[in-house]
Amino acid sequence: MVFDAHRHLGVLPAYPFYGGPPVKPDVTARATVAHLMADLYAEGTERALVLPNYGVPDPDVAFGFNELVLEAAAADDRVRCGLWVSPRPQDAGRTEEALRLAGERGVRALKLSFLLGGRPTDPACRPLLDRIFAAAREHDLVVHVHTSPGAASDIDEVGHLVDWYAGDVAVHLVHFGGGMSGHIKLAGSRFFDWIDAGKRVYTDLSWAIGFTPRWLAAEIDRRGAGHDRVLFASDEPWGDYTGERARLGAAVGDGELARLIFRDTFEKLYA
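These figures come from a predicted structure and were not determined experimentally.

Right, let's talk about the sheet that holds strand S5 (residues 142-146) for a bit. Spatially, the 8 strands line up as an open sheet ordered S1-S2-S3-S4-S5-S6-S7-S8, and their pairing is parallel. With one partner strand each, in any of the chains shown, strand S1 (2-9) and strand S8 (230-231) form the two edges of the open sheet. Lying on the sheet, helix H5 (residues 126-139) is in contact with strand S4 (107-112), S5 and strand S6 (171-174); it crosses S4 at an angle near 165 degrees.

So this is what it looks like as structure tokens:
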């Protein structure tokens, strides 16, 4: 059985990314719960954490998909969902609306990304960060954080969230740092230092550069720690389910570590 700890629901509008014509690169994006469930069945995915799709620089779009992911979680017990929230002051009203839904059936996460603006160390963002993590603490939710470099959410910035909040709130670092620098900083020491310090830190390896799953698996074995902190994630429609599953499976084999990554840690964190 495979449990997917990170995929998106909702179809984005076309957008002129990077100065080009309007395009829709997320070609497998799904607009309905029925299409989502058909994909899970076709893949053989038994359970999934579903998050609002985002990427165009319009927070209204991501916030608008909160109702859709709630619908998915209510429709089938195999689905859990995360709600889109934002620490930007201009998004305060919509974030409060989202947090009022945090106790709804099937909600297991709050999704946070700085790709649409803001940064953890911006003083203007700190009040809403405190509010978001307080809600996660109250409802025993995971805060699901994008870590891709090249934007304001590099692991050095996002790492502050682990330092500040992960003592009593689970923080899921998406994409394991998102690139070469993040991978090396995390696998080289920082991820394990946080675990040793008692931080509730988790990660997935979607989008990870090729060497990273093998290296992280070797470090987990060498250090005897971290085996229960890594989850499988497809990041569909931005990732590739088949490729992510094959690549991670080749790195971790079919023993206890694979069982934890592909199933049991999801059960612990999201089910």
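Our next topic: a nonpolar patch on the surface. On the surface, Met180, Ile184 and Ile209 cluster together into a nonpolar patch covering about 250 Å² of accessible area. By secondary structure assignment, the location of Ile184 is in helix H7 (residues 180-196). Ile184 gets classed as partly exposed once you look at its relative accessible area, which sits at 43%.

What follows covers the layout of surface pockets. Its boundaries defined by the atoms lining it, the largest pocket holds a volume of some 480 Å³. For the lining of the largest pocket, a count of residues per class yields 10 nonpolar, 5 polar and 1 charged.

So, on to unusual backbone geometry. The residue after Glu236, namely Pro237, is reached through a cis peptide bond having omega 5 degrees. Looking at the secondary structure, you find Pro237 in the loop between S8 and helix H9 (241-252). Positive phi, close to 70 degrees, is recorded for Trp207, a residue that is not glycine. The class for Trp207 is partly exposed, based on a relative accessible area of 38%.

Contact geometry for H9 and helix H10 (residues 256-270): axes closest at 9 Å, N-to-C directions at 150 degrees. The orientation of H9 with respect to H10, classified from their angle, is roughly antiparallel. Of the two possible hands of crossing, H9 and H10 adopt the one that is right-handed. The residues of H10 that touch H9, namely those facing Arg245, Leu248, Gly249 and Val252, are Leu257, Ala258, Ile261 and Phe262. A class-by-class count of the residues in the contact of H9 with H10 yields 6 nonpolar, 1 polar and 1 charged.

For the rest of this paragraph, the subject is the pairing of strand S7 (residues 201-204). Burial along S7 is two-sided: Val201 and Thr203 and Tyr202 and Asp204, pointing in opposite directions, are all buried. With 3 bridges joining them, S6 and S7 adopt parallel strand pairing. What sits directly across from Val171, in S7, is Val201. For the crossover from S6 across H7 to S7, the handedness is right-handed.

Space left empty within the atom packing is revealed by a probe, the size of a water molecule, rolled over the atoms. If you walk through the whole model with that rule in mind, you get 2 cavities of 30 Å³ or more. Estimates place the volume of the largest cavity at around 40 Å³. Surrounding the largest cavity, Pro59, Trp84, Ser86, Pro87, Arg88, Asp91, Ser113, Leu116 and Gly117 form its lining. Looking at side-chain class alone, the lining of the largest cavity contains 4 nonpolar, 3 polar and 2 charged residues. When its volume is computed, the second largest cavity comes out at roughly 30 Å³. Taken together, Leu205, Pro213, Leu216, Ala217, Ile220, Val230, Leu248, Val252 and Ile261 make up the full set of residues lining the second largest cavity. If you list the elements that add at least two residues to the lining of the second largest cavity, you get helix H8 (212-223) and H9. Here the lining of the second largest cavity gets 4 residues from one element, more than from any other, and that element is H8. Here the residues of the lining of the second largest cavity sort into 9 nonpolar, no polar and no charged.

Calculation rules
Residues numbered from 1 in each chain as written. Predicted model: local features only at pLDDT ≥ 70, side-chain atom pairs only at ≥ 80, totals over all residues. Heavy atoms only, no water. Pairing = 2+ DSSP bridges. Helix = DSSP H or I, 4+ residues; strand = E, 2+ residues; numbered from the N terminus. Contact = heavy atoms within 4.5 Å. Axes fitted to C-alpha atoms, helices over the stretch in contact; angles between N-to-C directions. Patch = residues over 30% accessible without salt bridge, like charges linked within 9 Å, V, L, I, M, F, W, Y side chains within 5 Å. Areas by Shrake-Rupley, 256 points an atom, 1.4 Å probe, with all protein chains shown as cover. Salt bridge = Lys/Arg side-chain N within 4 Å of Asp/Glu carboxyl O. Buried < 20%, exposed > 50% of the residue type's maximum accessible area, 1.4 Å probe, protein only. 1 Å grid on protein atoms, 1.4 Å probe; cavity = no way out; pocket = protein on both sides within 12 Å on 5 of 7 lines; lining within 4 Å. Points joined across faces, edges and corners; volume = space filled by probe spheres on them. Nonpolar A, V, L, I, M, F, W, Y, C, P; charged D, E, K, R; others polar. Parallel < 35°, antiparallel > 145°, perpendicular 65-115°, else oblique. Left-handed = near helix turned anticlockwise from the far one by under 90°. Right-handed = clockwise from strand over helix to strand, strands pointing away.

Geometric values such as these leave the question of function open.
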